[in-house]
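Survey of secondary and tertiary structure
Residues per chain, in single letters:
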Amino acid sequence: YQNMSTAKPNPGHHSLVALEQYCKQNKKSFCLISQNIDNLHRRSGSQNICEIHGNMSFARCSNSDCHEWEKCVKFPTPPKKGNDKYVPKCKACSANLRPNVLFFDESYSEKLYKLKSAIAAVEKADVFLVIGTTYQTNLPLRLLNIANTSGAKIIDINPNLNDDVAVCKLKQ
């Protein structure tokens, strides 16, 4: 967490903010669906975000039986001294807080990861702009297929060719 908290947004993040502002000024919808957990999109100024894998800047209770299990709080800052053993606790049940990120054995949800919001945004998208993913997890690949069947123009900006985009048999 410490390394991520000192990272700074790059020109790519700022370009997405500019695109969002352009869309807003021109009465177009815009939804940034991100797999990044580093909070850089929010820190750069993005507003309408579905962070489908969560955000390391927030924490939640690790006890799924706790009534505040799905309540996200700003990740507590560790004390300056002795932080090597610091584990923040839930105020409701005293269980350890955990990062609000989707682990591999967990399921997507609307409340924590904006699953339904992301799908709804893609279903009505005119353009589906993909930057920096290789579709190695289920939901991004599912979103690609939804964009394709919904008739969105798909723009894939990645350093390597995405075989999944080609396999999707894109509509022309």
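Remember, it's a predicted structure, so these values are computed and weren't measured experimentally. (Residues numbered from 1 in each chain as written. Predicted model: local features only at pLDDT ≥ 70, side-chain atom pairs only at ≥ 80, totals over all residues. Heavy atoms only, no water.)

**Description of unusual backbone geometry**
Heads up, the rule is: The way it works is that DSSP assigns letters per residue, a run of H or I at least four long becomes a helix, a run of E at least two long becomes a strand, and they are numbered from the N terminus. Burial classes follow relative accessibility: with a 1.4 Å probe on protein chains only, a residue under 20% of its type's maximum area counts as buried, one over 50% as exposed, and anything between as partly exposed.
Unlike most non-glycine residues, Asn 39 shows phi in positive territory, near 70 degrees. Position of Asn 39 among the secondary structure elements: in the loop between strand S1 (32–34) and helix H3 (40–44). The exposure class of Asn 39 is buried, given its relative accessible area of 12%.

**Considerations on the packing of helix H5 (residues 115–123) against helix H6 (residues 138–150)**
Here is the rule we go by: To define axes, lines are fitted to C-alpha atoms, for helices over the stretch in contact only, and angles between the resulting N-to-C directions are given on a 0 to 180 degree scale. We call two directions roughly parallel when the angle between them is under 35 degrees, roughly antiparallel when it is over 145, roughly perpendicular when it lies between 65 and 115, and oblique otherwise. It is the rotation of the near helix from the far one that decides the hand of a crossing: anticlockwise by less than a right angle makes it left-handed, clockwise makes it right-handed. We call two residues contacting when some pair of their heavy atoms lies within 4.5 Å. Ten residue types, Ala, Val, Leu, Ile, Met, Phe, Trp, Tyr, Cys and Pro, are classed as nonpolar, four, Asp, Glu, Lys and Arg, as charged, and the remainder, Gly among them, as polar.
Where H5 contacts H6, the two axes come as close as 8 Å, and the packing angle between them is 30 degrees. Classified by the angle their axes make, H5 and H6 are roughly parallel. Where H5 crosses over H6, the handedness of that crossing is right-handed. Counting all contacts with H5, which are made through Leu 115, Ala 118, Ile 119, Val 122 and Glu 123, the residues of H6 involved are Leu 139, Arg 142, Leu 143, Ile 146, Ala 147 and Ser 150. Per-class residue counts for the contact of H5 with H6 are eight nonpolar, one polar and two charged.

**Comments concerning the sheet that holds strand S3 (residues 54–61)**
Formally: A pair of strands is considered paired only if DSSP assigns at least 2 bridges between the two.
Ordered by their spatial adjacency, three strands build an open sheet running S4-S3-S5, and the pairing between neighbours is antiparallel. On the outer flanks of this sheet lie strand S4 (73–74) and strand S5 (97–101), each paired with one strand and no other. Pairing between S3 and S5: five bridges, direction antiparallel. Paired with Ala 59 across the bridge in S5 is Pro 99.

**As for the packing of aromatic side chains**
Put simply, the rule reads: Two aromatic rings from Phe, Tyr or Trp, using only the six-membered ring of Trp, form a pair when their centres are within 6.5 Å; if the ring planes differ by under 30 degrees the pair is stacked, by over 60 it is edge-to-face, and anything between is tilted. For a Lys NZ or an Arg CZ to count as sitting over a ring, it must be within 6 Å of the ring centre and within 35 degrees of the ring normal.
Scanning all chains against the criterion turns up zero aromatic pairs. A cation over a ring is seen here: Arg 60 above Trp 69, with NZ or CZ 5.0 Å from the ring centre.

**Some points on the environment of Pro 99**
Its location among the elements puts Pro 99 in strand S5. Separated by 24 residues in the primary sequence, Pro 99 and Phe 75 have C-alpha atoms spaced 7.5 Å apart. Ignoring sequence-local partners within four residues, the contact set of Pro 99 consists of Met 56, Phe 58, Ala 59 and Phe 75.

**Details of the pattern of salt bridges**
Put simply, the rule reads: Between Lys or Arg on one side and Asp or Glu on the other, a salt bridge is scored when a side-chain nitrogen of the former is within 4 Å of a carboxyl oxygen of the latter.
For the structure on display, the rule yields four salt bridges. Among the ionic pairs, Arg 42 bridges to Glu 51, the shortest N-O distance being 3.1 Å. By relative accessible area, which is 36% here, Arg 42 ends up partly exposed. The closest approach of N and O atoms between Lys 71 and Glu 68, which form a salt bridge, is 3.8 Å. Relative accessible area serves as the criterion here: at 46%, Lys 71 is assigned to the partly exposed category.

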